[in-house]
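Structural overview
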Amino acid sequence: MIAIGVIGQAVVPGGFDKFINALGSGIALGAIYALLALGFVIIFKATQVVNFAHGAIAALGAYLVSYFAVTVNIPGRWITGAPDWLQWMLSALIAVAATALIGMIIERITIRPMIGEPLFAVAMITLGLDLIIRTISNDLMDNTNTGLGDPWGVSFVDIGPLRMANTQIATLVITVIVVILLALFFRSRTGVAVRATAFDQEAAMAQGISVGKVFAIAWGIGAALAALGGIFSSVAPRGAAGVSPFTALVAFRAFPAVIIGGLDSIVGAIVGGLIIGIAEVFAGSYLGQISWLGNGFAGIVPWLAMMVVLLVKPYGLFGTEEIRRV
Amino acid sequence: MRGRPNLYTNYSSEMGLFPSTTKKVSMVLLAVIAILAPLHALPYFGFLGDGAWMVLINKALVYAIAALGLNLLTGVAGQVSLGHAFFMAVGAYTAVVLGGEAGNTVWGLGLPMWIWLPAAGIVAALVGVLIAPTAVRVRGLYLAFVTLGLVFIGLYLWRNLGKIAGGPTTGRPWPELEFSLWRNMDPIISFTSDGPLWWWLKPVNLLPWVHIEEMDGEVKTYFFVLVLMAILALLGKNIMRTRIGRSWAAIRDRDIAAEVMGVPEAKGKTQAFGISSFYAGIAGAVLASVVGRIIPESWDIFLSVEFVAIILIGGAGTVVGTLMGTFFVVLTPRIVENVTGFLATQATEGGPFAWLGKLFVRSGPDDWIGIVSYPDAAGPGLSVAQLNIVLFGVLIIVFLIAEPLGLYGIWLRVRNYWKGWPFTY
């Protein structure tokens, strides 16, 4: 880390402080993308479905947090004595669980009938889902910004020259917890069933694994992770004003993260997310002043990075190469 | 072979454009309907010639051109593309730079249509050929993401290239559909202004009830786009049934096997991207000039999804299916709007469908039951535009689950039922 810092100080304009701050924000943003990408990869690995609706589910999850925490104040209205942050956490937990349930319902209604169909056809179904969920959640949030009422607000913590928003630290902590939980989950009995299904659906079925249940679990976990990613992309400093129709589009940028890591690699999702996050923030803070690049260049850096990686490694950094039959 | 339309005695007759008499007759019928419909000359369907319907049908015809292109790429060559909107935008902006009027803030050469329309297709095709090497290297769903990335990169470009695309919220005016020899010359044929179709058609009046000498601008646009679409559809059909198209189908079905048989994969995919982008470029240019003014944000992912949905709903890999899908997708919103309006009036004024209207339509701030807010879109409940997007998503899902062959599959089943009638086999 010190070596990177020294190089950064020597090479880039703005010095070490700017570099380390960009790196910190980049890793925090990368964690958001990693959360979104993880959900996506888990769904793809277990069910072979490319979920284009992931961004929409993320936005819906973030909206549900604002609904439970701000609009109806559940469960805060029943436990009035509890501190604010605990009430908000519980609301967020309910919202994430609700999103997971919605994910399972979606799987049961639209994905289950498509087992055995071509990958592309199922992917198109999720494109349709994306339109439906995005439109309905946009209508629910009245096409404007809706605050999540999170307890962190816009306060910062200074660690030496590094200044991190509380939400960024929360993002990192939650991401680490999620990754540990996932690692533990994949060692549990159910997790092994999910891995077996990912490996070979028919063989898993022959071993007595209920593949349908595995599908539901994968979609539940995927949707829950999407909701987490959605929450953190609609609190400060990412989306200071809360969840908005724009959130779903921001979540779209997690797709390059998935592709860079490889569609079916969980490690790849985390690495890809971090690469994309750091690249986007660095492009924003170092290339922002270059006038001929225009507005919003940072927003397409993930896509450009994805294309470069794909040209070198067509299945992403950690993706399994497809074995093709002649 | 009389009376045995399915008996082909040689390969060339099976690959013929219209292999049976039935198909020839139905094509002629279709052509007659297509010519008479806008002239208020069809019994019961005279309303199709009204301005609002003509605008919608014109849009469908332009969409059909782009959908034909995507059908060649996705349906025939099997390359999944979500980047069709990008190629359409390339065509549209080529057209406006070559044909548009120069201003203080925008470029424009003011060249006539016979230059900008082919150029729109050719430039888009060149860009498609540039993208093709990626498609050779990256396959399947990874390719879908690359083309998705193209749309986002394109949106960034159009937002920032103000000299080409105009202001981010205003766009810029597109050149009109009119045929003139060179810039600043009077148009020989204008496809947008009211009046006779062409000067020499003025005295000719074959059908007394058809007022050809005073044609609406929309109707003239219709004939222009119809002919353009028909030419491109025929071209597409010919591509599909000759060497190029069959090599694409071989690549789609099993690319390695195709290469073993001597079908060059890289060449086929490059051709497919180039030709498909040519269609998209033409469609983008015509769409922009029919609409007149387009903002950069219009070339977004939703437009691409619309075309993917059109070929899925219509039936991938067929020209007829693509056309059916286009009309279905473009006309459904209008029908939904009319039905919503009808149900709303039923709910307020009473009628046989009043109960349905009350359940479906949320008429005001005091009404809490209903899915659609109509006519006032405020408050909870979807607006009609939002309902259309939701329905569109539902349609994609329903068609993929229930009828993977699309409208074309439904048509096949109906046709086969009547072919064997009264027997079921």
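Please read these numbers as outputs of a predicted model, since none were measured by experiment.

Residues and elements named next belong to chain B. Segmentation of chain B into domains returns domain 1 (50-301) and domain 2 (318-425). Each side of the interface is counted separately: domain 1 has 16 residues, and domain 2 has nine residues. Of the roughly 1200 Å² buried where domain 1 meets domain 2, counting both sides, 82% is carbon and sulfur surface. Inspection of the region where domain 1 meets domain 2 yields zero salt bridges. Our count for the domain 1 to domain 2 interface comes out at two residue pairs in polar contact (both at pLDDT 80 or more). Counting residues per element, the ones that place at least two in the side of domain 1 that touches domain 2 are α3 (51-76) and α8 (217-241). Per-element accounting of the side of domain 1 that touches domain 2 gives the leading share, twelve residues, to α3. When the residues that make up the side of domain 1 that touches domain 2 are grouped by side-chain class, the tally is 13 nonpolar, one polar and two charged.

We now examine the interface of chain B and chain A. Of the residues lining the interface, 40 residues belong to chain B; the matching set on chain A comes to 50 residues. Counting each side, the surface lost to burial between chain B and chain A is near 4100 Å², with a carbon and sulfur contribution of 78%. Connecting chain B to chain A are zero salt bridges. At the junction of chain B and chain A, the tally comes to four residue pairs in polar contact (both at pLDDT 80 or more). Contributions of two or more residues to the side of chain B that touches chain A are made by α5 (113-137), α6 (141-160), α10 (255-260), α12 (301-314) and α15 (384-402) of chain B. If you tally residues by element for the side of chain B that touches chain A, the top one is α6 of chain B, at eleven residues. Across the side of chain B that touches chain A, the residue classes break down as 28 nonpolar, eight polar and four charged.

Glancing now at the packing of aromatic side chains. Summed over the entire model, instances satisfying the criterion amount to 28 aromatic pairs over all chains. Where Trp114 of chain B meets Trp182 of chain B, the ring centres are 6.4 Å apart and the plane angle is 45 degrees; that geometry is what we call tilted. Placement of the pair is Trp114 of chain B in helix α5 and Trp182 of chain B in the loop between β2 (178-179) and β3 (189-190), with a sequence separation of 68 residues. Among the aromatic residues, ring-to-ring pairing joins Phe40, Phe52, Phe252, Phe255 and Trp303 of chain A together with Phe145 and Phe152 of chain B into one connected group. The side chain of Arg163 of chain A reaches across the aromatic face of Phe156 of chain A, ending 4.9 Å from its centre.

All names here are of chain A. Relative to strand β2 (residues 162-165), strand β1 (residues 156-159) runs antiparallel, the two sharing four bridges. For Val157, the partnering residue across the bridge sits in β2 and is Met164. Between β1 and β2, which pair antiparallel and follow one another directly, the connecting turn spans two residues, one of which, Gly160, has a positive phi of 60 degrees.

Parameters at a glance
- Residues numbered from 1 in each chain as written.
- Chains lettered and ligands numbered in written order.
- Predicted model: local features only at pLDDT ≥ 70, side-chain atom pairs only at ≥ 80, totals over all residues.
- Heavy atoms only, no water.
- Domains from an automatic or database assignment.
- Contact = heavy atoms within 4.5 Å.
- Buried area = accessible area lost by both parts, 1.4 Å probe.
- Salt bridge = Lys/Arg side-chain N within 4 Å of Asp/Glu carboxyl O.
- Polar contact = N/O pair within 3.5 Å; in protein donor to acceptor, adjacent residues only side chain to side chain.
- Helix = DSSP H or I, 4+ residues; strand = E, 2+ residues; numbered from the N terminus.
- Nonpolar A, V, L, I, M, F, W, Y, C, P; charged D, E, K, R; others polar.
- Phe/Tyr/Trp six-rings, centres within 6.5 Å; stacked < 30°, edge-to-face > 60°.
- Lys NZ or Arg CZ within 6 Å of the ring centre and 35° of its normal.
- Pairing = 2+ DSSP bridges.

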